[in-house]
Amino acid sequence: MSVLNPSIPKGTRDFTPVEAIRRKYIFSVIENVFTRYGYLPIETPAMENLTTLLGKYGDEGDRLIFKILDSGNFLTGVTEEERLSLTPSKLAGRICEKGLRYDLTVPFARFVVRHRNKLSFPFKRYQIQPVWRADRPQKGRYREFYQCDVDVIGSRSLLNEAELLMIMEEVFRLLGIKVVIKLNHRKILAGIAEYMGVPDKLTGLTQALDKRNKIGDEKVLAELRERGFDEPAVRKMESFLSFSGSNNEKISFLSEKLGNTGQEQTGLDEMAKILTYAAETGVDKSCEFDFTLARGLDYYTGTIFEVVAAGWDGGSICGGGRYDDLTGIFGLPDVSGVGVSFGADRIYDVLAQTGKFPPLQDSSTQVLFLNFGEKELSYILPLVRKLRDHNVAAEVYPDQAKIKKQMQYANQKNIPFVILTGEEEMSQGVVSLKNMETGRQIRVTFEEVADSLIKK
RNA sequence: GUGGAUGUAGCUCAGUUGGUUAGAGCACUGGAUUGUGGUUCCAGGGGUCGUGGGUUCAAGUCCCAUCUUCCACCCCA
């Protein structure tokens with residue numbers, strides 16, 4: 001029999017105990033914050049019907065959805081000719097009806113519509129689950145990764161946006177990550193496009209603006225020209241880019257430039273309101289209104305958020321926004337929602353790079369009972385049970401191996417105490433308790449062991 | 001989907017202008033120490049050199065293809 005390669009699919013990862021413990025730490029910080037704001041957990045399946053997924057994330061997004069081959073004879077109903085002539089994506093549509101979820105927001109919208117009669121609105125939920133994208137892996141980019149979503153749906157109040165800012169500020173403060181929370185508004189972007197005389201080129205405009213931090217103002221303008229923006233439009237953008245000031249100054253600057261009539265004024269008013277809330281809750285220092293911020297996901301209609309960590313170039317670690325009609329496609333119109341998603345895997349990478357993980361107790365076990373044989377086992381097992389009942393993590397070495405080997409095991413697992421029990425101890429009605437750090441060893445009764453270990 | 005790197009022991013890596021039997025550290029196993037770990041010393045096991053072709057008297061080394069992983073673009077958490 002040939003030996004199998006113990007490899008895993010591209011872009012997926014195993015996690016060792018140390019890594020898994022650290023990931024749990026991240027999840028627990030995030031979950032703890034979410035629950036303190038009144039959000040409730042839900043879960044949805046790893047796979048969704050492709051009809052649910054397709055067309056929500058743009059063309060690029062559709063390409064990145066993992067599709068699941070139908071069970072059974074998936075080629076039923078596909079002619080030989082079609083098999084050869086159809087494009088791969090068209091063929092996939094014929095032989096796949098399911099796909100792995102691409103994010104948590106769209107499944108959430110589907111969930112809300114399906115369970116609307118059981119939910120009370122506004123509905124605040126959080127969801128911490130993996131998502132999959134058929135992307136090429138690279139720094140900060142995985143094919144399987146966890147998102148930690150918080151959304152509130154069924155309320156247009158800007159207090160929701162403000163609460164999300166507070167949640168983001170708090171999570172990253174607790175994790176010890178220095179961040180800038182950038183925010184913008186789709187209606188402001190649309191207003192800018194209108195002002196530039198290119199309302200139909202909003203997508204191209206946002207795609208170019210989005211690169212500002214990476215390539216600089218000059219290249220953004222060059223890209224606009226390449227994309228067919230005329231010179232007056234480019235010059236107008238240039239005047240925007242050259243402006244610098246505080247959040248409020250930016251808002252009044254744009255207000256003046258754009259005029260106060262259309263949707264841009266709604267956007268600017270909302271932005272001002274959100275920033276006022278932010279100031280009142282003391283999180284405004286982490287927030288930056290940035291009218292060049294754009295987000296690719298098609299469904300955002302209002303505020304958009306993105307969080308970048310200082311000194312980290314592996315992409316944003318949190319992002320989201322308001323979507324006015326995601327539930328409409330599932331038959332429940334006019335339900336606005338807003339939410340953000342924390343990228344747990346990127347947060348992990350940032351913490352690893354900055355060394356900000358708390359020192360973890362890498363030993364969960366407090367005491368190891370060495371195994372001297374059957375008689376000795378019967379003697380100590382009641383004590384093991386007693387310690388465990390009192391919340392002391394205790395384990396018994398399962399094999400009657402050499403003492404040296406058992407000691408090594410305790411050492412490598414960083415177990416602070418070892419109990420040795422041989423014939424001598426049994427005859428005296430005691431055990432030997434060894435402190436692995438000091439090396440000191442004393443003979444004590446069961447009661448004394450319990451006393452010294454349970455207290456801790 | 002496009003471009004650039006990479007691959008030698010479980011891990012991190014040496015390996016000369018092609019030249020005999022491919023090395024080190026860590027890890028692992030055994031011993032010094034048959035009831036005592038973390039330090040030390042001694043010994044040992046473990047590699048079809050990513051895979052498949054080609055050039056050559058001779059390939060880990062040169063050529064081609066393919067796969068893997070990583071990095072960048074695109075897009076995103």
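Residues numbered from 1 in each chain as written. Chains lettered and ligands numbered in written order. Predicted model: local features only at pLDDT ≥ 70, side-chain atom pairs only at ≥ 80, totals over all residues. Heavy atoms only, no water.

Some words on the packing of helix H1 (residues 17-36) against helix H7 (residues 159-175)
- Put simply, H1 and H7 touch, their axes get as near as 10 Å, and they point 145° apart. Here the hand of the crossing between H1 and H7 comes out right-handed. Every residue of H7 that contacts H1 at Tyr25, Val29, Ile30, Val33, Phe34 and Arg36 is listed here: Ile167, Glu170, Val171, Leu174 and Leu175.
- Grouping the constituent residues of the contact of H1 with H7 by class yields nine nonpolar, no polar and two charged. (Axes fitted to C-alpha atoms, helices over the stretch in contact; angles between N-to-C directions. Helix = DSSP H or I, 4+ residues; strand = E, 2+ residues; numbered from the N terminus. Left-handed = near helix turned anticlockwise from the far one by under 90°. Contact = heavy atoms within 4.5 Å. Nonpolar A, V, L, I, M, F, W, Y, C, P; charged D, E, K, R; others polar.)

Some details on the state of the cysteines
- Taken as a whole, this structure holds zero disulfides when the rule is applied.
- Left unpaired, Cys148 is separated from the closest cysteine sulfur, that of Cys318, by 9.1 Å.
- In this structure Cys287 is a free cysteine whose sulfur lies 12 Å from that of Cys318, the closest cysteine sulfur available.
- Taking relative accessible area as the criterion, Cys287 reaches 6% and is therefore assigned buried. (Disulfide = S-S within 2.5 Å. Buried < 20%, exposed > 50% of the residue type's maximum accessible area, 1.4 Å probe, protein only.)

Here we look at the sheet that holds strand S3 (residues 67-69)
- Ordered in space as S2-S4-S3, the three strands form an open sheet in which the pairing is antiparallel. Either end of the sheet is taken by a strand with one partner, and the two such strands are strand S2 (47-49) and S3. Pairs of neighbouring strands in the sheet enclose a mean axial angle of 45°, with direction left out of account.
- Pairing of S2 with strand S4 (residues 96-100), which is carried by three bridges, proceeds in the antiparallel orientation. Along S4, the bridge assignment pairs Glu48 with Gly99. (Pairing = 2+ DSSP bridges.)

Notes on the sheet that holds strand S7 (residues 179-185)
- Spatially, S1-S5-S6-S11-S10-S9-S7-S8 is the arrangement adopted by the eight strands of the open sheet, whose pairing is mixed. Both edges of this open sheet fall to strand S1 (40-41) and strand S8 (287-289), since each of them pairs with a single strand only.
- In the sheet, strand S6 (residues 144-153) pairs with strand S11 (residues 337-343) via seven bridges, with the strands oriented antiparallel. Pairing of Val150 across the sheet is with Val340, part of S11.
- Sheet strands in contact with helix H14 (residues 263-280) are S7, S8 and strand S9 (303-309), and its direction is about 150° off that of S7.

Some details on H1
- When the terminal C-alpha atoms of H1 are compared, their 28 Å separation across 20 residues agrees well with the 28 Å that a helix rising 1.5 Å per residue should span.
- Those residues of H1 lying buried are Arg23, Ile26, Phe27, Val29, Ile30, Val33 and Phe34. Angularly, the buried residues of H1 cover 150° about the axis, an arc narrow enough to put them on a single face. Looking at H1, the residues exposed on the side facing more than 90 degrees away from the buried face are Pro17 and Lys24.
- In the core, the buried residues of H1 are packed alongside strand S5 (123-132), S6, H7, S11 and helix H15 (344-354).
- Count one or two residues on from H1 and you reach Gly38, which has phi positive near 90°. (Expected span 1.5 Å × (residues − 1). Arc of directions from axis to C-beta.)

Quick look at the domain arrangement of chain A
- Per the domain assignment, the segments making up chain A are domain 1 (17-65 + 102-354) and domain 2 (367-454).
- Computed from C-alpha atoms alone, the centre-to-centre distance between domain 1 and domain 2 is 54 Å. (Domains from an automatic or database assignment.)

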